[in-house]
Amino acid sequence: MSGLRRRPRWRAGGHPQGNDHVVRQGSLVIPTTNREMVYDSTLERDLICIAATHRDARALREQPKAITYIDVDGRERNHTFDLVVDLKDMTRLNIAVKPAAKVASSGIEETLELIRATSTKGRRETFVLRTGYHITRARAADARLILKSRRMRDDACIAEVGAVASRLRGTVRIADLMAATRNDGHGFMAVVCLIDDGVLDHAGPGRISADSAVRPARKPTESHRGKDTP
């Protein structure tokens, strides 16, 4: 970035910390679809945000139709998953959400095994459990920031920042990229949009912020594809 004229530094504000175990009902609107989605806890809310911003996701449904399975006594049972994510590879991810402390007492892992045994769709449909260990505060904060950037999207500003970003050959702090382009809130959101668009990869450390770094996006290999599912 040497030789570029630097502008006065701008600092991004802090991100809320949130609580993985708080039960708080509510709803949020996904900017790209303008669809309101309801949730029953902060864990569910954060998972919706993470899934909505995931590059492999093409559609989301909360509280879908119950799935019927056979229990250990041979009786029919129903289970309603918290979120269903349809992926671009045409597979479906059925997600149960539980606080980690309640996994054992809820019996959810045994229920998922029974559902998998009953399912007839093979690899086209998977059934998984997500807790606060997967739905981390950092992932949720980044996802909320990306959703905010979609609402504030400014294509002219993105093009301005993207023109400089296209010349990057390695890792650079977001603050330094902004200093060479738009050193304000619009510039920061433009960088977030470029991450969301797959032009840049966030390289850390920590959450997306002016002090974290980005690099030109790398095409995922088959060995890494799908490892970072919602």
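Preceding this section is the structure that the text describes.
Residues numbered from 1 in each chain as written. Predicted model: local features only at pLDDT ≥ 70, side-chain atom pairs only at ≥ 80, totals over all residues. Heavy atoms only, no water.

*Asks:* Just checking my understanding: could you explain the packing of helix α1 (residues 42–52) against helix α4 (residues 137–151) for this structure?
*Replies:* Two quantities define a packed helix pair, namely the angle between the axes and the distance from one axis to the other. α4 packs onto α1 with a crossing angle of 60 degrees between their chain directions and a minimal axis gap of 8 Å. Between α1 and α4, the angle is such that the two are oblique. The handedness of the crossing between α1 and α4 is left-handed. In this structure, α1 uses Arg 45, Asp 46, Cys 49, Ile 50 and Ala 52 to contact α4, whose residues at the interface are Arg 139, Ala 140, Ala 143, Arg 144, Leu 147 and Arg 150. Each residue belonging to the contact of α1 with α4 can be placed in one class, and the counts come to 6 nonpolar, no polar and 5 charged. (Axes fitted to C-alpha atoms, helices over the stretch in contact; angles between N-to-C directions. Helix = DSSP H or I, 4+ residues; strand = E, 2+ residues; numbered from the N terminus. Parallel < 35°, antiparallel > 145°, perpendicular 65-115°, else oblique. Left-handed = near helix turned anticlockwise from the far one by under 90°. Contact = heavy atoms within 4.5 Å. Nonpolar A, V, L, I, M, F, W, Y, C, P; charged D, E, K, R; others polar.)

*Asks:* I would appreciate a short explanation of the packing of aromatic side chains in the present structure.
*Replies:* For any pair of aromatic rings, the description consists of the separation of the ring centres together with the inter-plane angle of the planes. Taken as a whole and judged by the stated rule, the model has 1 aromatic pair. An angle of 35 degrees between the planes, with centres 5.7 Å apart, marks the rings of Phe 81 and Phe 127 as tilted. One end of the pair, Phe 81, is in the loop between β5 (76–79) and β6 (83–87); the other, Phe 127, is in strand β8 (residues 125–130), with 46 residues separating them in the sequence. Judged by its relative accessible area of 1%, Phe 81 falls in the buried class. Its relative accessible area of 4% is what places Phe 127 among the buried residues. (Phe/Tyr/Trp six-rings, centres within 6.5 Å; stacked < 30°, edge-to-face > 60°. Buried < 20%, exposed > 50% of the residue type's maximum accessible area, 1.4 Å probe, protein only.)

*Asks:* Got a minute to help me understand the sheet that holds strand β7 (residues 92–97) in this structure?
*Replies:* Pairing between sheet strands relies on hydrogen bonds along the backbone, with the strands arranged either parallel or antiparallel. With mixed pairing, 4 strands are arranged side by side in an open sheet as β3-β6-β7-β8. Looking at which strands have only one partner, the edges of the open sheet turn out to be β3 (57–62) and β8. When the angles between neighbouring strand axes are averaged without regard to direction, this sheet yields 20 degrees. Inspection of the sheet shows β6 paired to β7 by 4 bridges, in the antiparallel sense. Counted as the bridge partner of Asp 86 is Arg 92 from β7. Sheet strands in contact with helix α3 (residues 108–118) are β7 and β8, and its direction is about 180 degrees off that of β8. (Pairing = 2+ DSSP bridges.)

*Asks:* Explain the environment of Val 85 to me, please; I cannot follow it from the model alone.
*Replies:* Tracing the sequence through the fold places Val 85 in strand β6. Exposure remark for Val 85: the relative accessible area of 0% places this residue in the buried category. Val 85 sits 37 residues away from Ile 48 along the chain, and the two C-alpha atoms are 9.4 Å apart. Excluding residues within four positions of it along the chain, Val 85 makes contact with Ala 51, Ala 57, Ala 59, Leu 60, Thr 91, Arg 92, Leu 93, Ile 95 and Pro 230.

*Asks:* Explain unusual backbone geometry here, please?
*Replies:* Outside of glycine, negative phi angles account for most residues, and trans bonds account for most peptide bonds. Cis geometry is found at the peptide bond from Gly 204 to Pro 205, where omega equals 0 degrees. Within the secondary structure, Pro 205 sits in the loop between β10 (200–204) and β11 (213–216). Located in the positive-phi region is Asn 34, a residue other than glycine, with phi close to 60 degrees. Within the fold, Asn 34 resides in the loop between β1 (26–30) and β2 (35–39). You can call Asn 34 exposed: its relative accessible area is 63%. Unusually for a residue other than glycine, Gln 63 sits at a positive phi of about 45 degrees. Residue class for Gln 63 comes out partly exposed when judged on its relative accessible area of 36%.

*Asks:* Looking at this structure, how should I read helix α7 (residues 185–196)?
*Replies:* Because each turn of an α-helix spans 3.6 residues, side chains separated by three or four positions in sequence point in the same direction. With 12 residues, α7 extends 16 Å from end C-alpha to end C-alpha; this agrees with the ideal 16 Å at 1.5 Å per step. Most of α7 sits inside the fold, with 10 of its 12 residues counted as buried. Residues of α7 that are buried include every one of Gly 187, Phe 188, Met 189, Ala 190, Val 191, Val 192, Cys 193, Leu 194, Ile 195 and Asp 196, and no others. If you follow the buried residues of α7, they end up packed against α4, α5 (155–165), α6 (174–179), β10 and β11. Capping of α7 at its N-terminal end is provided by Asp 184; its side-chain oxygen lies 3.2 Å from the backbone amide nitrogen of His 186. Downstream of α7 by a residue or two, Gly 198 has a phi angle that is positive, lying close to 85 degrees. (Expected span 1.5 Å × (residues − 1). Polar contact = N/O pair within 3.5 Å; in protein donor to acceptor, adjacent residues only side chain to side chain.)

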